[in-house]
Amino acid sequence: MSTAFAESPIKAQDEDQHYRFEDHPILARQKQQESNARSYPRRIPLALKRARGIHVEDVEGRVFIDCLAGAGTLALGHNHPVVTDAIRQVLDDELPLHTLDLSTPVKDRFVQDLFAVLPPALSAKARIQFTGPTGTDAVEAALKLVRIATGRSTVLAFHGGYHGMSQGALSLMGNLKAKTPLGALLSQAVQFMPFPYDYRCPFGLGGEAGVRANLHYLDNLLSDPESGVQPPAGIIVEVVQGEGGVIPAASTWLQGLREITARHRIPLIVDEIQTGFARTGKLFAFEHAGIVPDVVVMSKAIGGSLPLAVMVYQDWLDTWQPGAHAGTFRGNQMAMAAGSAVIRYIEAHHLVQHAAEMGQRLRSHLLALQQRTPQLGDVRGLGLMLGVEVVDPAGQPDVQGHAPHDGALASRIQRECLKRGLILELGGRHSSVVRFLPPLIITAEQVDQVARIFARAVESAIVQR
Ligand code: PMP
């Protein structure tokens, strides 16, 4: 392991311990005062005091390995010195902390750093738009961009997709939980398409046959004058669906999607908000398939743990008018400085390669565990974005012979991990997928430790049934 990676001064936890969770006064007040819509604290009832590297420490002095990492935001882990130094430098230089979308040397450097790592086929004719600082707002910008450029109004999205929580982005979401209570969304101009979810293939086929059927269906829908589907302004896709259950799209499918969208002159929007910046073992996940999107939306890791979001797109789409996507908070200098530091560190310390190797190591552990655990139906993902779909082997198998989802067991596994000092999140259908999103600086020893804790947690959760 390279010594260049930050060592955590926070003492790692004893793997044999079992934390107990009783409401600390901070958590009791949170429960009482915060909205019913709060989400993570329900499954991860921790009040955090400090953090470094892959570790967080709560107010009770308990240490946890953070394999949620700000939902994939913390590429370099918590408080990496290059990130905190970059933030400090902005303060020391008395840079304006608020600049709207005016330029500064920090912003200029950030753009140069980002463009330098984009695939040349994209950067050659790219434009960048700084959006409001959430992934959701970058998605909103992308929707406007392609609608204005094409003069069309509808958008195609995929079953299982997650693009954010504003009403436009929510319209693109597969999961119905947040949509259904709203009734009609503001934008209903979305057509959903089957995603190539290999383990639960929407065509009941899986493998290359599933990919071929999927692409044929899409091409036919766009070509058939009686499909009822208007030519869309764009198609938005995640290369690995994150919240949807860590579902990677096959490269052959992405290549087919790119070919079909190009042929039908439909801008292809790739949402790299979660997959971006080395997470999947490539700097951008679309590089696995060797495709070049028309629009890429980025956030999370790009701000080095501070809020920042951008959209990069090919200049033929740049037909919108000044002010078409304004926003007050588009000039966070500390986030841009931190983002530059992250990009440079990823490059200098070969974190793309490291993420691929650590991902492979974790995957091997999970596959070995799966061999002796029929409840772990599918182990999948790319790089350090991995998921395990938890199933009920006693349930009725589906058309592909796979046992049904078991969200209750996944939830018990998550809880048993937490008791042992490992923070993991759930995703996917019925919250049945246990997700691993550790910081990319995780070491081989730490990967082994995560796998050991997970294996014990799984064992213990199964016997509780
Ligand atoms: N797109 C993807 C792929 C995401 O994973 C997320 C967040 N989980 C978003 C968009 C929305 O980003 P934000 O929560 O910053 O609005």
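Each value, and the rule that gives it
- Residues numbered from 1 in each chain as written.
- Predicted model: local features only at pLDDT ≥ 70, side-chain atom pairs only at ≥ 80, totals over all residues.
- Heavy atoms only, no water.
- Helix = DSSP H or I, 4+ residues; strand = E, 2+ residues; numbered from the N terminus.
- Buried < 20%, exposed > 50% of the residue type's maximum accessible area, 1.4 Å probe, protein only.
- Contact = heavy atoms within 4.5 Å.
- Near = heavy atom within 4 Å.
- Polar contact = N/O pair within 3.5 Å; in protein donor to acceptor, adjacent residues only side chain to side chain.
- Areas by Shrake-Rupley, 256 points an atom, 1.4 Å probe, with all protein chains shown as cover.
- Nonpolar A, V, L, I, M, F, W, Y, C, P; charged D, E, K, R; others polar.
- Axes fitted to C-alpha atoms, helices over the stretch in contact; angles between N-to-C directions.
- Left-handed = near helix turned anticlockwise from the far one by under 90°.
- Salt bridge = Lys/Arg side-chain N within 4 Å of Asp/Glu carboxyl O.
- Core = buried A, V, L, I, M, F, W, Y, C linked by side-chain atoms within 4.5 Å.
- Domains from an automatic or database assignment.
- Pairing = 2+ DSSP bridges.
- Buried area = accessible area lost by both parts, 1.4 Å probe.

(A) Molecular detail of the environment of Ala 86. Tracing the chain through its elements places Ala 86 in helix H4 (residues 81-92). Taking the relative accessible area as the measure of exposure, Ala 86 reaches 14% and is therefore buried. Considering only alpha carbons, one finds Ala 86 and Ser 340, 254 residues apart in sequence, at a separation of 8.5 Å. Ignoring anything within four residues of it in the chain, the contact list for Ala 86 reads Ala 337, Ala 338 and Ala 341.

(B) Up close: the site of the ligand. The environment of the ligand is formed by Thr 134, Gly 135, Thr 136, Tyr 162, His 163, Gly 164, Glu 238, Glu 243, Asp 271, Ile 273, Gln 274 and Lys 300. One of the backbone N or O atoms of Tyr 162 is found 3.3 Å from a nitrogen atom in the ligand. A distance of 3.2 Å separates a nitrogen atom of the ligand from a polar atom in the side chain of Glu 243. Protein burial of the ligand: of its 390 Å² of free accessible surface, 84% is covered by the chains. Residues of the shell around the ligand, tallied by class, amount to two nonpolar, six polar and four charged.

(C) Structural context of unusual backbone geometry. Even without a glycine there, the phi angle at Asn 79 is positive, about 50°. The backbone phi angle of Lys 300 is positive, close to 45°, even though this residue is not glycine. In this fold, Lys 300 is placed in the loop between strand E11 (295-298) and strand E12 (310-314). Note on Lys 300: relative accessible area 21%, which makes it partly exposed.

(D) Molecular detail of the packing of helix H5 (residues 105-117) against helix H11 (residues 333-348). At their nearest, the axes of H5 and H11 sit 9 Å apart, and the two run at 35° to each other. Seen from above, H5 lies across H11 with left-handed handedness. Across from Val 106, Lys 107, Arg 109, Phe 110, Asp 113, Leu 114 and Val 117 in H5, the residues of H11 making contact are Gln 333, Met 336, Ala 337, Gly 339, Ser 340, Ile 343, Arg 344 and Glu 347. Taken together, the residues that form the contact of H5 with H11 break down as seven nonpolar, three polar and five charged.

(E) Fine view of the pattern of salt bridges. If you walk through the whole model with that rule in mind, you get 21 salt bridges. Note that Arg 330 is salt-bridged to Asp 101, the shortest N-O span being 3.2 Å. Residue Arg 330 is located in the loop between E12 and H11, and its partner Asp 101 is located in the loop between H4 and H5; the two are separated by 229 residues in the primary sequence. For Arg 330, a relative accessible area of 8% gives the class buried. Here Asp 101 falls in the partly exposed class, since its relative accessible area comes to 40%. Residue Arg 263 pairs with Glu 259 through a salt bridge whose shortest N-O separation is 2.7 Å. Residue Arg 263 and its partner Glu 259 are located together in helix H10 (residues 251-263), separated by four residues, close to a single helical turn. On the basis of relative accessibility, which here comes to 44%, the residue Arg 263 falls in the partly exposed class. By sharing partners, the salt bridges in this structure join Arg 200, Asp 378, Arg 380, Glu 389 and Asp 398 into a single network.

(F) Seen up close, the nonpolar core. In this structure, Phe 110, Leu 114, Trp 253, Met 298, Phe 436 and Phe 454 are the most contacted members of the largest nonpolar core, which totals 109 residues. Ranked by the residues each element gives to this core, the list is headed by helix H14 (residues 444-463), at 10 residues. When residues of this core are assigned to domains, at least three map to each of domain 1 (3-72 + 351-463) and domain 2 (83-348).

(G) Up close: the sheet that holds strand E13 (residues 376-382). With antiparallel pairing, four strands are arranged side by side in an open sheet as E13-E14-E17-E16. Edge positions in the sheet fall to E13 and strand E16 (425-427), since each has one partner strand and no second. In this sheet, neighbouring strand axes are inclined to one another by 30° on average, regardless of whether the strands run parallel or antiparallel. Inspection of the sheet shows E16 paired to strand E17 (residues 433-436) by three bridges, in the antiparallel sense. What sits directly across from Gly 427, in E17, is Val 433.

(H) Representation of the domain arrangement of the chain in the model. As far as domains go, the chain holds domain 1 (3-72 + 351-463) and domain 2 (83-348). Computed over C-alpha atoms, the centres of domain 1 and domain 2 are 26 Å apart. Listed as interface residues are 39 residues of domain 1 and, on the opposing side, 33 residues of domain 2. Between domain 1 and domain 2, roughly 2800 Å² of surface is buried when both sides are summed, and carbon and sulfur atoms account for 54% of that area. Between Asp 398 and Arg 200 there is a salt bridge whose closest N-O contact spans 3.0 Å. Linking domain 1 with domain 2 are 19 residue pairs in polar contact (both at pLDDT 80 or more), by the criterion used here. Contributions of two or more residues to the side of domain 1 that touches domain 2 are made by helix H3 (69-72), helix H12 (351-371), E13, strand E14 (385-390) and E17. Considering every element that reaches the side of domain 1 that touches domain 2, the biggest residue donor is E13, with five residues. Considered class by class, the residues forming the side of domain 1 that touches domain 2 number 22 nonpolar, 11 polar and six charged.

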